[in-house]
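Working through the structure, step by step
Chain by chain, the residues:
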Amino acid sequence: MVRDQTMDPTGMLATLAADLDANGIEVLRVDNVVRFTADELRDLSVLAAPLAAWWQQQHEPSTAGEVALRFVGPSGVTEMTYSRPDLAVEYVRHTIEVERGEPYAPGAAPGPMRRLTARLIRRSRTGFTASELSIHDEGDILRIALARRELDDRPRSMQFQAFNPEHDDYDPGDDNGYCLVNDGVPVYGALIALRLTRSTLSLRLTREAARAWRARSTTLTIRLHLTDQEIEQPRRQLQRLFSSRNAQPPAPTLHLG
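Residues numbered from 1 in each chain as written. Predicted model: local features only at pLDDT ≥ 70, side-chain atom pairs only at ≥ 80, totals over all residues. Heavy atoms only, no water.

**Describing the sheet that holds strand 14 (residues 253-255)**
As a reminder, the rule being used: Strand pairing is assigned whenever DSSP identifies at least 2 bridges connecting the two strands. To qualify as a helix, a DSSP run of H or I must reach at least 4 residues; to qualify as a strand, a run of E must reach at least 2; elements of each kind are numbered from the N terminus. Note on method: axes are straight lines fitted to C-alpha atoms, helices fitted across the in-contact stretch only, with angles between N-to-C directions ranging 0 to 180 degrees.
Ordered by their spatial adjacency, five strands build an open sheet running 5-13-12-11-14, and the pairing between neighbours is mixed. Strands at the two margins of the open sheet, each flanked by one partner only, are strand 5 (127-130) and strand 14. Pairs of neighbouring strands in the sheet enclose a mean axial angle of 10°, with direction left out of account. Bridge count between strand 11 (residues 191-196) and strand 14: three bridges; the pairing is parallel. Across the sheet, the residue bridging to Arg195 is His255, located in strand 14.

**What about the layout of surface pockets?**
Selection criterion: Whether a set of points on the 1 Å grid over the protein atoms alone is a cavity depends on a 1.4 Å probe fitting there but being unable to get out, while an open set qualifies as a pocket with protein on both sides within 12 Å along at least five of seven lines; lining residues are those with an atom within 4 Å of a point. Grid points are joined across faces, edges and corners, and a volume is the space filled by probe spheres set on the points. Side-chain classes are defined by residue name, with Ala, Val, Leu, Ile, Met, Phe, Trp, Tyr, Cys and Pro counting as nonpolar, Asp, Glu, Lys and Arg as charged, and the others, Gly among them, as polar.
Approximately 1,200 Å³ is the volume found for the largest pocket. Considering the residues around the largest pocket, the lining is formed by 41 residues, among which Val34, Arg35, Phe36, Phe71 and Val72 are closest to the centre. Taken together, the elements giving at least two residues each to the lining of the largest pocket come down to strand 1 (26-30), strand 2 (33-37), helix 2 (41-45), helix 3 (48-59), strand 3 (69-73) and helix 4 (88-99). Residues of the lining of the largest pocket, tallied by class, amount to 26 nonpolar, seven polar and eight charged.

**Side note on the side chain of Ser157**
Put simply, the rule is: Note on classification: 1.4 Å probe, protein chains only; a residue is buried when its accessible area is under 20% of the maximum for its type, exposed when over 50%, partly exposed between these limits. Should any heavy atoms of two residues lie within 4.5 Å, those residues are considered in contact.
Positionally, Ser157 belongs in strand 8 (residues 155-163). Its relative accessible area of 3% is what places Ser157 among the buried residues. What Ser157 contacts, discounting residues up to four positions off in sequence, is His94, Val98, Phe128, Leu146, Ala147, Val181, Asn182 and Asp183.

**Looking at helix 4**
Here is the rule we go by: A helix's residues, less one, multiplied by 1.5 Å, set its expected span.
Helix length check: helix 4 (twelve residues) gives 16 Å between terminal C-alpha atoms against 16 Å at 1.5 Å per residue, within 8%. Taken across its twelve residues, helix 4 has eleven buried, putting it largely inside the fold. Among the residues of helix 4, those classed as buried are Ala88, Glu90, Tyr91, Val92, Arg93, His94, Thr95, Ile96, Glu97, Val98 and Glu99. Positive backbone phi, at 150°, marks Gly101, one or two positions downstream of helix 4.

**Brief notes about the packing of aromatic side chains**
Within a pair of aromatic rings, the relevant descriptors are the distance that separates the centres and the angle that separates the planes. For clarity, the cut-off: Side-chain rings of Phe, Tyr and Trp, where Trp is taken by its six-membered ring, are said to pair if the distance between their centres is within 6.5 Å; with planes under 30 degrees apart they count as stacked, over 60 as edge-to-face, and otherwise as tilted.
Following the criterion strictly, the structure yields two aromatic pairs and no others. Both rings, one in Phe160 and one in Phe242, keep their centres 6.5 Å apart while their planes meet at 80°; by these two values the pair is edge-to-face. Here Phe160, found in strand 8, pairs with Phe242, found in helix 7 (residues 228-243); they are 82 residues apart in sequence, far enough to count as distant. Judged by its relative accessible area of 7%, Phe242 falls in the buried class. Residues Tyr178 and Phe242 carry aromatic rings whose centres are separated by 5.0 Å and whose planes lie at 70° to one another, so their mutual orientation is edge-to-face. Residue Tyr178 is located in the loop between strand 8 and strand 9 (179-182), and its partner Phe242 is located in helix 7; the two are separated by 64 residues in the primary sequence. Overall, Tyr178 belongs to the buried group, its relative accessible area being 3%. Through successive ring pairs, a cluster of aromatic residues spans Phe160, Tyr178 and Phe242.

Next up, the structure:
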């Protein structure tokens, strides 16, 4: 969407053509709406880099919000109106991962009671229960993501991201420290403290992060519905992320059990 006008996707599809063919991704286009279908999520995720490049280079999104990359998933519509160029690929990949899913079969969409219950839970709780863990440790980015879908199928997620200072392409001049992405909204240096136990990940946020995420409190708790083996993975990776030079001062206080 550019200034509220839907753009012709022909140029986008031309940019993605090689990746679509290489990964066996099927395309269904109806006017200006395009649906991508693949057997595996990782196949769809390869579209993040070329799609982000097309979005950033062709239309040059700005903080004015006049250029929106729109995704439609089972939980509704997600619009990305701006992302720093160095974060755009991870931002698009994250959106692809949380918005993927098959269209609802007739009668399968969440009904009014499920939507109401989910809305009431969101009002009464800060944070969410994570049942999915994803760790990306390839290339120049380390990413730890916790996610789940709520009763109304709305995706919830928290990501920890940092550049890998050991990568050949690492440039200290481009490194602003670690970044937290809460439901798609990135904030740098968002933490005062972090505590990880067997059942919860408790985050004490800066006031700036709480405002950016419209949180009712500076304390955010993610309940962990993960196996003992899965719990050890974020424990090790969080220690690695915050012990590197990415955790520029002031570094958060860590309690990783």
